[in-house]
Structure formats: C-alpha cells, structure tokens
Amino acid sequence: MTAAALAAILSLAGCATTGDAPVDVSGAEVASRTLDNGDLIEEYRVAGQLRMVRITPVRGPAYYLYDRDGDGALDRDDADKLPQTYWKLFSW
C-alpha cells in the first residue's frame, strides 16, 4: 500500500471519529433521569429548547438524538420513521 493511500484512509477515519456533536450544546442545561429498565436519559436544553438527547442503555453503547435544525423536534428522515440515531464509534 502506498503512503498516499494510507494517508487518505487515515484522514477519512479521523473525520468519522471526531465525536463532535452536530449541534451546539455549549452552556446547555442537562437533565438526567433513569428509566425502570436502568437506561440513563440525558436531555440537553439550550434556552429551554431541547437540542440533544443522550441515551445510555444498561447494555450496549450510548447513542444520541439531535435537533439539528432548531425547530424543537428531534430530527427524522420521514414523518413515519423514528428519529435518526447516532453512535460514537471511536474515541481516543
């Protein structure tokens, strides 16, 4: 494998694993609650508006739901589908 191809692959991997939220949650108020099954729900609100939800299940990785366009509703691909779900794949 050439050095250029290796550099391209590593740069793409770095882009996919930055871990930055697609919404600005700096200065957000965080409300946490634990469901009956042990899952932890963290709601991030900026100026009283829900911007991000982090769900940490008892088993498995945490995942995120976002309101990227700021309309007050979690983003959906289609009205009949559930909100888009995001997992953080790598962290270091």
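Everything numeric in this text was worked out from a predicted model, so none of it was measured. Throughout this document, residue positions are counted from 1 along each chain, in the order its sequence is written. For this predicted model, a pLDDT threshold of at least 70 governs which residues receive local features, and a threshold of 80 or more governs which side-chain atom pairs are given and counted, while totals over whole chains, interfaces and linings are taken from all residues. Calculation of side-chain values draws on the structure's entire complement of heavy atoms; hydrogens and water are dropped beforehand.

S.K.: I keep staring at the overall build of the protein chain and nothing clicks. Help me out?
M.R.: What counts as a helix is a DSSP run of H or I of at least four residues, what counts as a strand is a run of E of at least two, and both are numbered from the N terminus. Scanning the protein chain from terminus to terminus reveals one helix and five strands. Taken across its 92 residues, the protein chain has 23% of its residues classed as buried. Taking as baseline every contact in the protein chain between residues at least 6 positions apart, the subset at least 24 positions apart corresponds to 17%. Split by element, the accessible area of the protein chain, about 6700 Å² in all, is 55% carbon and sulfur. Per-residue accessibility, obtained with a 1.4 Å probe over protein chains only, is compared with the maximum for each type, and a residue is labelled buried under 20%, exposed over 50%, and partly exposed between these values. By definition in these notes, contact holds between two residues if any of their heavy atoms fall within 4.5 Å. Only the protein chains shown count as covering a residue, and every accessible area follows the Shrake-Rupley method with a 1.4 Å probe.

S.K.: Explanation requested: the side chain of Asp39 in the structure shown.
M.R.: Locating Asp39 in the fold gives a position in the loop between strand E1 (29-34) and strand E2 (40-46). The charged-residue count follows a simple rule in which Lys and Arg add positive charge and Asp and Glu add negative charge, with His and chain termini not counted at all. The term salt bridge refers to a side-chain nitrogen of Lys or Arg lying within 4 Å of a carboxyl oxygen of Asp or Glu. In this structure Asp39 is buried but unpaired, with Arg59 as the nearest side chain of opposite charge at 8.1 Å.

S.K.: Teacher, can you tell me more about the pattern of salt bridges here?
M.R.: Close approach of charged atoms allows side chains of opposite charge to pair. One pass over the structure, following the stated rule, counts three salt bridges. Put simply, Glu43 and Arg33 hold a salt bridge, and the shortest N to O gap is 3.5 Å. Note that Glu43 is positioned in strand E2 and Arg33 in strand E1, a separation of ten residues in sequence. For Glu42, the salt bridge identified is with Arg54, shortest N-O distance 3.5 Å. Of this pair, Glu42 sits in strand E2 while Arg54 sits in strand E3 (residues 49-56), placing them twelve residues apart in sequence.

S.K.: When you look at the side chain of Glu42 in this model, what are you seeing that I'm missing?
M.R.: Look at Glu42 and you get buried, because its relative accessible area is 13%. If sequence neighbours within four positions are ignored, Glu42 has contacts with Val30, Ala31, Ser32, Met52, Val53, Arg54 and Thr56.

S.K.: I keep staring at a nonpolar patch on the surface and nothing clicks. Help me out?
M.R.: Each patch is assembled from residues with relative accessible area greater than 30% and no salt bridge, linking like charges that lie within 9 Å and nonpolar side chains (Val, Leu, Ile, Met, Phe, Trp, Tyr) that lie within 5 Å. On the surface, a cluster of nonpolar side chains totalling about 620 Å² of accessible area is made up of Trp87, Leu89, Phe90 and Trp92. With respect to the secondary-structure elements, Trp92 resides in the segment after strand E5 (86-87). Judged by its relative accessible area of 82%, Trp92 is exposed.

S.K.: Quick question: what am I supposed to make of the packing of aromatic side chains here?
M.R.: Each aromatic ring pair is summarised here by two numbers: the centre-to-centre distance and the angle between the ring planes. Each Phe, Tyr or Trp ring (for Trp, its six-membered ring) is paired with any other whose centre lies within 6.5 Å, and the angle between the two planes then decides the class: stacked below 30 degrees, edge-to-face above 60, tilted in between. Considering all chains together, one arrives at one aromatic pair under this definition. With centroids separated by 6.1 Å and ring planes inclined at 5 degrees, the aromatic side chains of Tyr64 and Tyr66 adopt a geometry described as stacked. On the basis of relative accessibility, which here comes to 15%, the residue Tyr64 falls in the buried class.

S.K.: Quick question: what am I supposed to make of the environment of Leu40 here?
M.R.: Residue placement: Leu40 occurs in strand E2. Spatially, the C-alpha atom of Leu40 lies 7.8 Å from that of Val58, the residues being 18 residues apart in sequence. When near neighbours in sequence (up to four residues on either side) are disregarded, Leu40 contacts Ser32, Arg33, Thr34, Arg54, Ile55 and Thr56.

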